[in-house]
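Each chain, letter by letter, is given below.
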Amino acid sequence: MRGAGAAAALVSGDRSDDVRLLIVDDQPLVRRGLRSLFVGESGIDVIGEAVDGADAVYQVGRQRPDVVLMDVNMPRMDGLEATRRICAAGPDAPGVIILTVYDDDETLFDALRAGAAGFVLKDAPTEKVVEAIQVVAAGEALLSPRATRRLVRAFARRPLVGTAQARPRVALTQREHDVLDLVVQGHSNEEIAELLFLAESTIKSHLQSLYRKLGARDRAHVVIYAYEHGLVDRGRPPAGGTGDPPGGGSGRATGGRRPPHGSLASGVTADPR
């Protein structure tokens with residue numbers, strides 16, 4: 001709920017449209033501090049707390065939150081295992097945001113592979129945490145193009161164990177091939193639209209088609225899927241080279257050139273449409 005509707009809901013006491021939030025942390029002081037962030041915050045209703053991963057899985061089944069704010073290191077069951085179990089419920093599972101003190105590629109990789117929609121650092125400003133919750137509640141991944149490039153580099157550094165998972169025979173159009181290639185390189189929707197000379201709304205439509213065909217939840221999981229199924233060249237650096245531009249810029253490609261066709265590995269068949 002937004003704008004005047006939110007104000008009316010606060011006056012009437014109706015919070016039925018608020019984001020239902022579950023806080024998971026083994027430290028009572030941390031849980032209390034997190035809860036205090038959302039006191040009086042329109043649009044977010046803290047419906048409960050969990051003391052560890054096992055309790056989180058139980059509370060999700062009992063309270064049906066929209067978003068779970070999940071710590072990583074906890075006794076009995078850690079946050080990553082809890083995230084795997086929660087997200088295994090499929091499309092009806094709540095969005096999980098990993099709350100961590102670790103700003104590193106391995107944590108990002110492990111969180112996303114477990115099914116999380118993204119992660120937030122524990123020292124992030126309140127407005128960033130609120131924004132993250134709203135983004136995930138809307139069904140989006142909390143993963144910027146910069147974080148996507150970090151994810152790509154994390155994959156590229158990992159040694160291959162055996163062979164890639166069996167490559168599915170998924171029919172993609174040539175344009176979907178192009179969009180997938182650029183997503184894996186870490187480009188934003190705006191950059192992809194510029195490179196392919198298309199409207200950004202068209203790029204979003206292609207992405208929705210890719211999500212459906214690949215069974216992915218969002219662009220982060222498209223990248224994971226592409227790497228785990230051998231659909232991309234692990235040796236190719238992501239957009240922006242080996243490091244992000246100063247200030248965490250987007251690494252926009254220049255020159256307005258179309259990317260070469262057929263740059264993805266052959267595990268996805270081309271639909272001539």
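Summarised in this report is the structure supplied together with it. (Residues numbered from 1 in each chain as written. Predicted model: local features only at pLDDT ≥ 70, side-chain atom pairs only at ≥ 80, totals over all residues. Heavy atoms only, no water.)

Some words on the overall build of the chain
Here is step 1 of the chain: Each helix and strand in the chain was counted, giving 11 helices and seven strands.
Here is step 2 of the chain: Counting across all 273 residues of the chain, residues that qualify as buried make up 48%.
Here is step 3 of the chain: Pairs at least 24 apart in sequence give 70% of the contacts found in the chain among residues at least 6 apart.
Here is step 4 of the chain: With the model as given, the accessible surface of the chain reaches about 13300 Å², and the carbon-plus-sulfur share is 52%. (Helix = DSSP H or I, 4+ residues; strand = E, 2+ residues; numbered from the N terminus. Buried < 20%, exposed > 50% of the residue type's maximum accessible area, 1.4 Å probe, protein only. Contact = heavy atoms within 4.5 Å. Areas by Shrake-Rupley, 256 points an atom, 1.4 Å probe, with all protein chains shown as cover.)

Some thoughts on the packing of helix H10 (residues 200-214) against helix H11 (residues 219-228)
Here is step 1 of the chain: Between H10 and H11, the least distance of the axes is 10 Å, while the angle of their chain directions is 50°. For the element pair H10 / H11, the angle class is oblique. The interaxial crossing formed by H10 with H11 has left-handed handedness. In this structure, H10 contributes Leu-207, Tyr-211 and Leu-214 to the contact, and H11 contributes Arg-219, Val-222 and Tyr-225. (Axes fitted to C-alpha atoms, helices over the stretch in contact; angles between N-to-C directions. Parallel < 35°, antiparallel > 145°, perpendicular 65-115°, else oblique. Left-handed = near helix turned anticlockwise from the far one by under 90°.)

Details of the pattern of salt bridges
Here is step 1 of the chain: On inspection of all chains with the given rule, the structure shows nine salt bridges.
Here is step 2 of the chain: Notably, a salt bridge pairs Glu-49 with Arg-31, separated by 3.1 Å at the nearest N-O pair. Of this pair, Glu-49 sits in strand E2 (residues 44-50) while Arg-31 sits in helix H2 (residues 28-37), and the two are 18 residues apart along the sequence.
Here is step 3 of the chain: Residues Arg-84 and Glu-81 are paired through a salt bridge, measuring 3.1 Å at the closest nitrogen-oxygen approach. (Salt bridge = Lys/Arg side-chain N within 4 Å of Asp/Glu carboxyl O.)

Structural notes on the pairing of strand E3 (residues 67-71)
The side chains of a regular strand alternate between both faces of the sheet.
Here is step 1 of the chain: Most of E3 is tucked away, with five of its five residues classed as buried.
Here is step 2 of the chain: Burial along E3 is two-sided: Val-67, Leu-69 and Asp-71 facing one way and Val-68 and Met-70 facing the other are all buried.
Here is step 3 of the chain: The pairing of E3 with strand E4 (residues 95-100) spans five bridges and is parallel. Counterpart to Val-67 in the pairing with E4 is Gly-95.
Here is step 4 of the chain: Regarding the hand of the β-α-β motif, the stretch spanning E3, helix H4 (residues 79-87) and E4 is right-handed. (Pairing = 2+ DSSP bridges. Right-handed = clockwise from strand over helix to strand, strands pointing away.)

Describing helix H3 (residues 53-63)
Here is step 1 of the chain: Along H3, the residues that are buried comprise Gly-53, Asp-55, Ala-56, Gln-59, Val-60 and Gln-63. Considered in projection along H3, the buried side chains sweep an arc of 145° and stay on one side of the axis. Residues Tyr-58 and Arg-62 are exposed on H3 and point more than 90 degrees away from its buried face.
Here is step 2 of the chain: Packed against the buried residues of H3 are strand E1 (19-24), E2, E3 and H4.
Here is step 3 of the chain: Of the residues that open H3, the one with a side-chain oxygen 3.2 Å from the backbone nitrogen of Ala-54 is Asp-52. (Arc of directions from axis to C-beta. Polar contact = N/O pair within 3.5 Å; in protein donor to acceptor, adjacent residues only side chain to side chain.)

Comments concerning the sheet that holds strand E5 (residues 118-121)
Here is step 1 of the chain: Taking strand neighbours across the sheet as the criterion, the five strands line up as E2-E1-E3-E4-E5 in an open arrangement whose pairing is parallel. Each of the sheet's edge strands pairs with one partner strand only, and the pair in question is E2 and E5. Pairs of neighbouring strands in the sheet enclose a mean axial angle of 25°, with direction left out of account.
Here is step 2 of the chain: Relative to E4, helix H6 (residues 126-137) is tilted by about 155°, and along the sheet it contacts E1, E2, E3, E4 and E5.

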